[in-house]
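One letter stands for each residue in the lines below.
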Amino acid sequence: MLKEKIERVLQRVQKPARYTGGEFGSIVKDKAEVDVRFAFCFPDTYEIGMSHLGMKILYHLTNEMEGVWCERVFAPAPDMQAEMEREEIPLFALESRDPIGEFDFIGFTLQYELCYTNLLNMLRLGGIPLKAADRKGLAPIVVAGGPCTCNPEPLADFIDIFIIGEGEEVNPELIRLYADAKKKGLSRAEFLRAAARIEGLYVPSLYDVTYGEDGTISSFLPRDGAPARIKKRIIKDFDKVYYPEQFIVPYIETVHDRAMLEVMRGCIRGCRFCQAGFLYRPLREKTAGTLAASAHAICEATGYDEISLTSLSTGDYSGLDPLVRQILPWTKEEKINLSLPSLRIDNFPQELLDQITSVRKSGLTFAPEAGTQRMRDVINKNITEEEILSTCRMAFDGGYSSVKLYFMMGLPFEMDEDIIGINTLAKKVVEEFFREKRKGKGLSVSCSVSSFVPKPFTPFQFDPSATREELARKQQLLLDTVASRKVHLSWHDPNTSMLEAVFARGDRRLGAVLEAAFRKGCRFDAWDEHFRIDLWEDAFAECGVSTAFYAHRARSYDEILPWDHIDIGVSKEFFIREHQRAAEGKTTPNCRQSCAGCGANKLKGGPCF
Amino acid sequence: MKTVRFFFRKEGSTVYISHLDTTRFLSRVIKRSGIPVWYTEGFNPHIYLTFAQPLPLGCGSVCESFDLRITDDNADPADLARRLNEASSPDLPIFAAGEATFAPADIFYSAYRFTFTTSDPEGLTEQIQAFLARKSVPAEKKTKRGTKAIDIAILSSDPKISVEPDGVILEILLSSGVEDTLSPILYRSILGEACGIQPECGRILRTAMLNQSKTILTPVL
């Protein structure tokens, strides 16, 4: 009956292949022979979720476990949701088309804060009580992992267990603990208490928070034997970590639809605005041999004709040269394109570069992040104007005619000169192009200027984010000082940035706001066409919560931050030091040049390099 | 080098993928299968795939085909089809191969089978019969250049109605030539509107492609 309804609805919706399942490489098991069913939920559309490497890894890893079946669930687009509500179709998993309410685990990956209303929406469509406290019986257990769980507090009311750090080892531990609990007939409370003892698992219901008169946290205390701090899990021997050889090959085009090769985790750079740069420390690389074998196996199994080398900064991967030399011969033979990050191609051997066909002569993207050297020093983006211009020169010489430059505005310690500097730099790039007579298409320099949002576990976690008025003023300043017709500017909606700033550094009191906004109809907040700031403002007003308190307030170094109980390995002292250096405009060398003493090497049990 | 024609069915999940997505899917099937296929020359070599005729999204089929250039003249078409089928999804079986016996321009009609689920098969049968009896059914077809006025009655022929356990079955030929193509999706929506049924109640299956004298060109199951 449900299956028939789904078929009927598929005839009516846009891009029905988002909801059919059945793709090559997807895994179907016999329900009768499965003990634990895991619904892996991505709180955005299929095309975005299917591009996410973490989900691919954990999907196949979980399905390799005997007696466990992991399926995929994505947020239905608004047209599908309307049809589902009309036909009373509960949210279902793609592989079996069974309602997610029948699963043991409902696991979300949280990649950005603006997906939180989608998470609540998916729970509701699945008929699952939104609040963790309202769920009875052992199943379903609602878990969440991914980078946003470094500050899980805004979702504390809704999630049973947060998984802090990398999932390859801890996910199977959690699933086995559950399978055992199911066999023994443990209650939900008993199971959650047991889960809290596994390193990397955070059970928010086992902690009590109190707030002081000024609204900041005055105490955060564990109960029932839960640890005072939850330590991030990492894979110590990254070269030996599980990596799938089979990927699901989507029927429809997704954002990244190619063989992805994860060359390393972590980043040596220490850019002060970048949360990922600190969150995934310490740096761990795979060997070129492992990667080459993996690349070959994936292409053979999937039929992909494109490989991309992924990581936070692939140009810093120390085995890049040997890896490319190992895979180029067969990629050429098999007509497979290799795509390399365009960043820092300046120190890559030209002869290899020439052989990589897929470095197509269309567009080059590049991230100076700030317009002046002073500002780049403040954010520790250790790149000079000369390096930016010489890379552009190389690109122009190689036939590129369009360049996209990424910048931020609203950074801490920013002055108007830094905003004007964005246009000055863009103009210099234009001048670089016309220094020589060039053939081909006309030049286009696009500057995408996003609004900076301070994130937890960065040196800027203490800083206020720029107000909407301030961002609007700076955007106008940017427009007023644009110096060339070849330069195109774009930026983000300041309202979206404000909301992101609130939730990034929020605490448990935001749970009520989130639920209120969801009930008013907020969904897909990261999508301009669906974002409703008016509904959000109503929700904040109704709950008596000030956005300025979370977004635009400076934190003192000794304030108890909502995420202080999460231990990502990098110490608060380090962030304070880095914050002070930022204020002085002093840069910090990258991890290979010298150790800055962030503390992450403790996770590895030895020095990083 | 020789050209080999492969026949495939679209069922289950692959009913919901567009022609473009089907092309990409098949390119990957070919790559996975490792059969000796010819690539276009040039900066961005790709597999040369040609189809008899695209099938609209939402329709199943038992008679789709594509042509491939095979570099090994001694390769056995049946063996190639077997290898492709192994590399494909169960929802897109590649079931036969052989020489390219007709050109896309030879196709004038497609045979479709519509299955309408209903609680009142007799009533619906009568309504469909009344619809089929109309001499003229004007409709508007969306094209790249705007809308075009067409007559559905002229572009459809040889209907057959029957009642089976899963619903009322209408088998009919729709014009499917280089000009005057009538989409089965459009046909279903006009028919559905006339008979007061939800269009999604009708499943669509392409069963054959025919030439100008209505001889079936594709394999008969």
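Further up the page is the structure itself.
Since the model is a prediction, treat every value here as computed from it, not as a measurement. (Residues numbered from 1 in each chain as written. Chains lettered and ligands numbered in written order. Predicted model: local features only at pLDDT ≥ 70, side-chain atom pairs only at ≥ 80, totals over all residues. Heavy atoms only, no water.)

Draft legend 1. Examining the packing of aromatic side chains more closely. Tallied over the entire structure, the rule returns 32 aromatic pairs over all chains. Plain terms: the ring middles of tyrosine 251 of chain A and phenylalanine 25 of chain B are 5.5 Å apart, the flat faces sit at 50° to each other, and that makes the pair tilted. Highlighted residues: tyrosine 251 of chain A in the loop between β9 (230-231) and β10 (259-262) and phenylalanine 25 of chain B in helix α1 (residues 19-33), drawn from two different chains. Geometrically, the ring pair formed by phenylalanine 503 of chain A and tryptophan 536 of chain A is edge-to-face, given 5.5 Å between the ring centres and 70° between the ring planes. Here phenylalanine 503 of chain A is found in helix α17 (residues 494-504), whereas its partner tryptophan 536 of chain A is found in helix α19 (residues 533-543), with 33 residues between them in sequence. Across the pair, exposure class does not vary: phenylalanine 503 of chain A and tryptophan 536 of chain A are buried alike. An aromatic cluster is defined as three or more aromatic residues linked by ring pairs; in this entry it consists of Phe38, Phe40, Phe105, Tyr178 and Phe191 of chain A. Over the face of the ring belonging to tyrosine 39 of chain B we find lysine 335 of chain A, whose NZ or CZ atom lies 4.6 Å from the ring centre. (Phe/Tyr/Trp six-rings, centres within 6.5 Å; stacked < 30°, edge-to-face > 60°. Helix = DSSP H or I, 4+ residues; strand = E, 2+ residues; numbered from the N terminus. Buried < 20%, exposed > 50% of the residue type's maximum accessible area, 1.4 Å probe, protein only. Lys NZ or Arg CZ within 6 Å of the ring centre and 35° of its normal.)

Draft legend 2. Here's a closer look at the pattern of salt bridges. Residue and element names in this part refer to chain A. Applying the stated criterion to the full structure yields 68 salt bridges over all chains. Across the pair aspartate 180 and lysine 184 runs a salt bridge, and its minimum N-O distance is 2.8 Å. With aspartate 180 and lysine 184 both in helix α7 (residues 167-184) and 4 residues apart, the pair spans about one turn of that helix. Between glutamate 285 and arginine 592 there is a salt bridge whose closest N-O contact spans 2.8 Å. (Salt bridge = Lys/Arg side-chain N within 4 Å of Asp/Glu carboxyl O.)

Draft legend 3. Spatial organisation of the environment of proline 78 of chain A. Residues and elements named next belong to chain A. Along the chain, proline 78 turns up in helix α5 (residues 78-87). Through-space distance from the C-alpha of proline 78 to that of glycine 399 is 42 Å; in sequence the pair is 321 residues apart. In this structure proline 78 touches Phe524 and His530, once residues within four positions along its chain are discounted. (Contact = heavy atoms within 4.5 Å.)

Draft legend 4. Geometry of the sheet that holds β10 of chain A. Residue and element names in this part refer to chain A. Taken together, 3 strands build an open sheet; the order of strands is β10-β13-β14 and the sheet is parallel. Two strands close off the open sheet at either side, each with one partner strand: β10 and β14 (337-339). Neighbour-to-neighbour, the strand axes of this sheet turn through a mean angle of 25°, independent of strand direction. Sheet topology places strand β13 (residues 306-310) next to β14; 3 bridges connect them, and they run parallel. When the sheet's bridge partners are listed, serine 308 is paired in β14 with serine 339. Contacts from helix α11 (residues 320-333) reach β13 and β14, with the element oriented near 170° to β13. (Pairing = 2+ DSSP bridges. Axes fitted to C-alpha atoms, helices over the stretch in contact; angles between N-to-C directions.)

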